[in-house]
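# Remarks on the overall topology
Each chain is listed here by its residues.
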2 protein chains.
Amino acid sequence: MAGKPTINDIARLAGVSKATVSRVLNHKPDVDPTTRDRVMRIVEEQSFVPSITATGLAGGQSHLIGALVPSFTWPFISDIMRGVAEVVGLTSYELVLYSINDRVRENDKSDILDHILATKLTSGLLAIIPGQSSKYVTRLHKYGLPAVIIDDQDLPGDIPWVGTDHQHGSYLATRHLIELGHRRIAHVQGPLKYLCSHERYQGYCQALEEAGLPLDPQLVFEGDFMQPTGRAAGNYFFSLPPEQRPTAIFAAADLMAYGIMAVAEERGLQIPQDVALIGFDGLDSSAHVRPALTTVQQPFYEMGRQATELLLSMLDKPRFSLRSSDAHLSQPSGIGRNGEQRQEPIRIHLATNLIIRESCGSPRRVPFSLPE
Amino acid sequence: MAGKPTINDIARLAGVSKATVSRVLNHKPDVDPTTRDRVMRIVEEQSFVPSITATGLAGGQSHLIGALVPSFTWPFISDIMRGVAEVVGLTSYELVLYSINDRVRENDKSDILDHILATKLTSGLLAIIPGQSSKYVTRLHKYGLPAVIIDDQDLPGDIPWVGTDHQHGSYLATRHLIELGHRRIAHVQGPLKYLCSHERYQGYCQALEEAGLPLDPQLVFEGDFMQPTGRAAGNYFFSLPPEQRPTAIFAAADLMAYGIMAVAEERGLQIPQDVALIGFDGLDSSAHVRPALTTVQQPFYEMGRQATELLLSMLDKPRFSLRSSDAHLSQPSGIGRNGEQRQEPIRIHLATNLIIRESCGSPRRVPFSLPE
DNA sequence: CTGTTAGCGCATTCAA
DNA sequence: TTGAATGCGCTAACAG
């Protein structure tokens, strides 16, 4: 019995058939308690763990879930994966990592999904896949592979989705600047090919509108979430004639805010005295830059958790129960544990958290009160 | 034939037995070229991909490799995983992620390894596991699961290892400071429970000694790689009487260097004018802090690649060949493709790269020449 | 060179 | 409540 004990060994040692061992292992109801105990004792003694491979083959359920991640270039992928791993660790599932190479062409993404579908290794998929590519995931879902999209996507598709409430987060950030007394607030957008960029922009607009402030197109700049476009935005805004210059900037990504900070320093502008700044994402490093950056924190870890729980519940494992959560379900109606009668796709929007630090400063001028 | 075609379908369509299909798929030599072509055509037509699960079960080789990662809290895990994923993507293997929860107690790490061993899901393991815990990995290796340790470890064990040449990297950094004219160079160590902390310290000592500079214990401070201990070190060094104060600091981690920068700023000290600073790790963010941080860049991505290639070669897949590399193999003798006659464990030390930026400044005083 | 026969380790019938 | 048989999709040993 060197190596790994098999179900046969356990059956022999316990004096029962392997069928019975299997029954015990799978918590079948119809097992004599005495027999069950005897089997369990041997199982523990031998620290027997059934082979996932064989279980998968025989049962048709692989007990593996896949995670499709866009390489690891984005810092928050780590946080999402922490959440995913945590939840998966609580179950008998294992996690298979599919990563999209950075240098991959758009078509290849489709190939990867084909591959995932073709190998049928995993019985469910968590997809962190930005922008347009998410449409490929929809196809998976059609072919019967349960999938959950995390955060980003093209259009609200017909596939379960867990992500951030981008609009509300942006609304909070912009509103905070307004409450501090700012009236000329600029916004650096993310790339407009991403839905979330629009959503964040909407939040910005919403706050302005609510406060009765005009939306000045001159104060809106399209970036790409990365530092260099932050610099570009900074240079643009800071070159505006003084009276048209924004007194505050809301950047749709912390990295872009860093770029603005760099430009400000180069030009001798003080943050927050000369211009207030708020970012979006809540990267760890934002607490460490100087001045520390006020930012809208996305609940990445929680996103990973919830998405995994959702997927697991779709896989319909009775031993796993979806925890009550603080999520805002956009469709509060019954989740329909069994996929059959799911009428509308589940979409979970997680709340953001505005972390107020130095970069947005204290109230300036007379803070005017907002409409309730 | 809805769903996924099986090897039976292919066999029928091609008019051969499944054994033959299997032979073709596995590139067996003894197959009639005509037959091979015919089978391949059907395989492509049906875009048939054999089930990894079944292949594993039948062949005893799971075609899965595991990656054990210490949660994702360390920023460079991402880079390592990028390298790993890249190489795995080139093969027919898939990657299973085992992550060690942060909150896990030391014993639980052993449990995870037991779990990995017990489930026998993967046929090889890549372990990124800091410090003491690596001893558990050694056991895996004993039980016949090929494993490669990435970077950190307790003692030079008897297990294949791929990591950074910490000592030489530190040597380069310290030497650079010496060449810039510094004579009082402080060092902030990593936690001494990690071997690499000692190695980095040794590199520091080596450079001092080579330059005939005294090793002043007062200028050595034990940190823990994190920012707060960097602050502590900064406060300590900057409180020293002026003539005992270091003119340069070599921190064994970028994060600790950040802490020093923060303290310097608080005290009105200029970097690099008042004190030069070099970090270790080469985090992306180090290029973006102000002043930009000179640092010893660890080849994380390359580490991931090489470790994976090494593991794959141990798994002895003929279709995969270990690329020639720029690594310094500590044991240049034949690697012994087949595990049998491996006399000594393979240890690959990858070279670091000193990235010179603003934080260490230009030469001060009269740069004195070093012994060749 | 190729087909046939056995399993790999387990879950799931079907009888008993 | 349990045991015996059958098969998941594939590889491997054996013949032919």
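All chains use their own residue numbering, which begins from 1 and follows the written sequence. Lettering for chains starts from A, numbering for ligands starts from 1, and both go in the order in which the items are written. pLDDT decides what is reported in this predicted model: residues at 70 or higher carry local features, side-chain atom pairs at 80 or more are listed and counted, and totals for whole chains, interfaces and linings draw on all residues regardless. Side-chain numbers here rest on the full set of heavy atoms in the structure, without hydrogens or water.

## Some thoughts on the overall build of chain A
Along the backbone of chain A there are 12 helices and 13 strands. Each residue is placed in one exposure class: buried if its accessible area under a 1.4 Å probe, protein chains only, is under 20% of its type's maximum, exposed if it is over 50%, and partly exposed if it falls in between. Counting over 372 residues, chain A shows a buried share of 54%. Within chain A, counting contacts between residues at least 6 apart in sequence, those at least 24 apart form 69% of the total. Per-residue and other accessible areas were derived by the Shrake-Rupley procedure at a 1.4 Å probe size, with only the shown protein chains allowed to occlude residues. Total accessible area on chain A is roughly 16,200 Å²; 51% of this is exposed by carbon and sulfur atoms. Secondary structure elements follow DSSP: runs of H or I no shorter than four residues count as helices, runs of E no shorter than two count as strands, and numbering proceeds from the N terminus. Contact definition: two residues touch when any of their heavy atoms are within 4.5 Å.

## A word on the protein's contact with DNA strand D
Any residue with a heavy atom lying within 4 Å of a molecule or strand is counted as near it. Around DNA strand D lies a shell of 27 residues, among which Thr20(A), Arg23(A), Thr35(A), Ile7(B) and Ser22(B) are the nearest. Close to the protein, within 4 Å, the atoms of DNA strand D belong to sugar or phosphate groups at a rate of 64%. Any pair of N or O atoms that falls within 3.5 Å is considered a polar contact. Within protein, one atom must be able to donate a hydrogen and the other to accept it, and sequence-neighbouring residues count only if both atoms are side-chain atoms. Between DNA strand D and Ser51(B) there is a distance of 3.2 Å, counted from a phosphate oxygen to a backbone nitrogen or oxygen. Those elements that provide at least two residues to the surface near DNA strand D are helix 2 (18–25) and helix 4 (52–59) of chain A together with helix 2 (18–25) and helix 4 (52–59) of chain B.

## Things to note about the confidence of the model for chain A
All names here are of chain A. Across chain A, the average pLDDT comes to 85, with 84% of residues at 70 or higher. Counting interchain partners and residues more than four positions distant, the pLDDT-below-50 stretch residues 317–342 has 40 contacts. Confidence scores per residue from the predictor, reported as pLDDT, run from 0 to 100. Predicted confidence for residues 365–372 stays below pLDDT 50, and this span has 12 contacts to residues more than four positions away or in other chains.

## Focus: the pairing of strand 5 (residues 161–164) of chain A
Residue and element names in this part refer to chain A. At least two bridges found by DSSP between two strands is the condition for calling them paired. Examined bridge by bridge, strand 4 (residues 147–150) and strand 5 share 2 bridges and lie parallel to one another. When the sheet's bridge partners are listed, Ile-149 is paired in strand 5 with Trp-161. Sheet topology note: the strand 5/strand 12 (residues 347–350) ladder contains 4 bridges and is parallel. Across the sheet, residue Val-162 finds its bridge partner in strand 12, namely Ile-348.

## Looking at the sheet that holds strand 6 (residues 185–189) of chain B
Adjacent strands of a sheet pair through backbone hydrogen bonds, lying either parallel or antiparallel. All names here are of chain B. With mixed pairing, 6 strands are arranged side by side in an open sheet as 7-6-8-9-10-13. On the outer flanks of this sheet lie strand 7 (220–222) and strand 13 (353–355), each paired with one strand and no other. Each strand axis lies, on average, 15° off the axis of its neighbour in the sheet, ignoring direction. Note that strand 6 and strand 7 share 3 bridges and pair parallel. Simply put, an axis is a line fit to the C-alpha atoms, just over the touching stretch for a helix, and the angle between two N-to-C directions goes from 0 to 180 degrees.

## Thoughts on the relation of the copies chain B and chain A
For these two chains of identical sequence, chain B goes onto chain A by a turn of 180° and a shift of 0.0 Å along the axis, with RMSD 0.1 Å. Both copies of the chain, as the preceding transformation shows, are related through a two-fold rotation axis. Ranked by how close their C-alpha atoms come to the rotation axis, the residues of chain B are headed by Val96(B), at 2.2 Å. When you check the interface residues of chain B against chain A, 100% turn up at the interface there too, and the contact is symmetric in its surfaces. Here the copies were fitted onto each other by least squares, based on C-alpha atoms from residues at pLDDT of at least 70 in both.

## So, the packing of helix 2 of chain A against helix 3 (residues 33–45) of chain A
The relative placement of two packed helices is expressed as an angle between their axes plus a distance between the axes. Residue and element names in this part refer to chain A. Between helix 2 and helix 3, whose axes approach to 10 Å, the crossing angle comes to 85°. Viewed along their axes, helix 2 and helix 3 adopt a mutual orientation that is roughly perpendicular. From helix 2, Thr-20, Val-21, Val-24 and Leu-25 reach across to helix 3, where they touch Thr-35, Arg-36, Val-39, Met-40 and Val-43. The labels follow the angle: roughly parallel below 35 degrees, roughly antiparallel above 145, roughly perpendicular from 65 to 115, and oblique for the rest.

## Overview of the protein's contact with DNA strand C
If you check the shell around DNA strand C, you find 26 residues, and the closest are Ile7(A), Ser22(A), Thr20(B), Arg23(B) and Thr35(B). With respect to DNA strand C, the side chain of Ser22(A) contributes an N or O atom lying 2.7 Å from a phosphate oxygen. In this structure, a phosphate oxygen belonging to DNA strand C sits 3.1 Å away from a side-chain N or O atom of Ser17(B). Listed by contribution, the elements that provide at least two residues to the surface near DNA strand C are helix 2 and helix 4 of chain A together with helix 2 and helix 4 of chain B. Note on residue classes: Ala, Val, Leu, Ile, Met, Phe, Trp, Tyr, Cys and Pro are nonpolar, Asp, Glu, Lys and Arg are charged, and everything else, Gly too, is polar. Across the surface near DNA strand C, the residue classes tally to 12 nonpolar, 9 polar and 5 charged.

## A short note on the UniProt feature "domain: HTH lacI-type" (unreviewed entry) in chain A
In the UniProt entry, the feature "domain: HTH lacI-type" (unreviewed entry) is given for residues 5–59 of chain A. Secondary structure content for residues 5–59 of chain A is 67% helix and 0% strand, while the C-alpha to C-alpha distance between its ends is 20 Å. UniProt positions are given in the numbering used here, feature names are shortened, and annotations may be inferred rather than shown by experiment.

## Description of the interface of chain B and chain A
One widely used convention gives an interface's size as the accessible area the parts lose upon coming together. The interface is formed by 36 residues belonging to chain B together with 36 residues belonging to chain A. Defined in terms of a 1.4 Å probe, buried area is the accessible area two parts forfeit on being brought together, summed over both. Carbon and sulfur atoms supply 61% of the area buried between chain B and chain A, which totals about 3,300 Å² over both sides. Should a side-chain nitrogen of Lys or Arg be within 4 Å of a carboxyl oxygen of Asp or Glu, the pair is scored as a salt bridge. Applying the counting criterion to the chain B and chain A interface returns 1 salt bridge. Of the residues forming the side of chain B that touches chain A, the biggest block, 6 residues, is contributed by strand 2 (residues 94–99) of chain B. As judged from the 3 bridges shared by strand 2 (residues 94–99) of chain A and strand 2 of chain B, these two strands associate in the antiparallel manner. From the neighbouring strand, Leu95(A) faces strand 2 of chain B, where its bridge partner is Leu97(B).

## Remarks on the packing of aromatic side chains
All names here are of chain A. Note on aromatic contacts: the rings of Phe and Tyr and the six-membered ring of Trp form a pair at centre separations within 6.5 Å, being stacked when their planes are under 30 degrees apart, edge-to-face when over 60 apart, and tilted otherwise. The tally for this structure, following the rule as stated, stands at 14 aromatic pairs over all chains. The interplanar angle of 50° and the centroid separation of 5.1 Å between the aromatic rings of Tyr-236 and Phe-237 together place this pair among those described as tilted. Taking the relative accessible area as the measure of exposure, Tyr-236 reaches 29% and is therefore partly exposed. Seen from their ring centres, Phe-250 and Phe-280 are 6.3 Å apart, and the 50° between their planes marks the pair as tilted. Residue Phe-250 is found in strand 8 (residues 248–251), and its partner Phe-280 is found in strand 9 (residues 276–281); the two are separated by 30 residues along the sequence. Exposure remark for Phe-280: the relative accessible area of 0% places this residue in the buried category. What links up through ring pairs into an aromatic cluster is the set Phe-221, Tyr-236 and Phe-237. Consider the ring centre and the ring normal. A charge sits over the ring if Lys NZ or Arg CZ is within 6 Å of that centre and within 35 degrees of that normal. Across the ring face of Trp-161, the terminal group of Arg-347 is positioned such that the distance to the ring centre comes to 4.5 Å.

## Some points on the pattern of salt bridges
Residue and element names in this part refer to chain A. In the structure shown here, the tally under the stated rule is 19 salt bridges over all chains. Here Arg-175 and Glu-179 are joined by a salt bridge, their closest N and O atoms 3.2 Å apart. Remark: Glu-179 and Arg-175 occur in helix 8 (residues 166–179); sequence separation between them is 4 residues, near one turn of the helix. We classify Arg-175 as partly exposed; its relative accessible area is 22%. Residue Glu-179 is classed as partly exposed on the basis of its relative accessible area of 34%.

## What about the environment of Pro299(B)?
Residues and elements named next belong to chain B. On the secondary structure map, Pro-299 appears in the loop between strand 10 (294–297) and helix 12 (300–314). Residue Pro-299 is classed as buried on the basis of its relative accessible area of 17%. Sequence separation between Pro-299 and Leu-117 is 182 residues, and the spatial gap between their C-alpha atoms is 29 Å. With residues up to four places along the chain from it excluded, the contact list for Pro-299 reads Thr-164, Leu-350 and Ala-351.

## Points about the sheet that holds strand 9 of chain A
Residues and elements named next belong to chain A. The strand order across the open sheet formed by 6 strands is 7-6-8-9-10-13, and the pairing between neighbours is mixed. For this open sheet the edge positions go to strand 7 (220–222) and strand 13 (353–355), each flanked by a neighbour on one side alone. Between one strand and the next, the sheet's axes are offset by a mean angle of 15°, whatever the strand orientation. Docked against the sheet, helix 11 (residues 254–266) engages strand 6 (185–189), strand 8, strand 9 and strand 10 (294–297), running at close to 155° with respect to strand 9.

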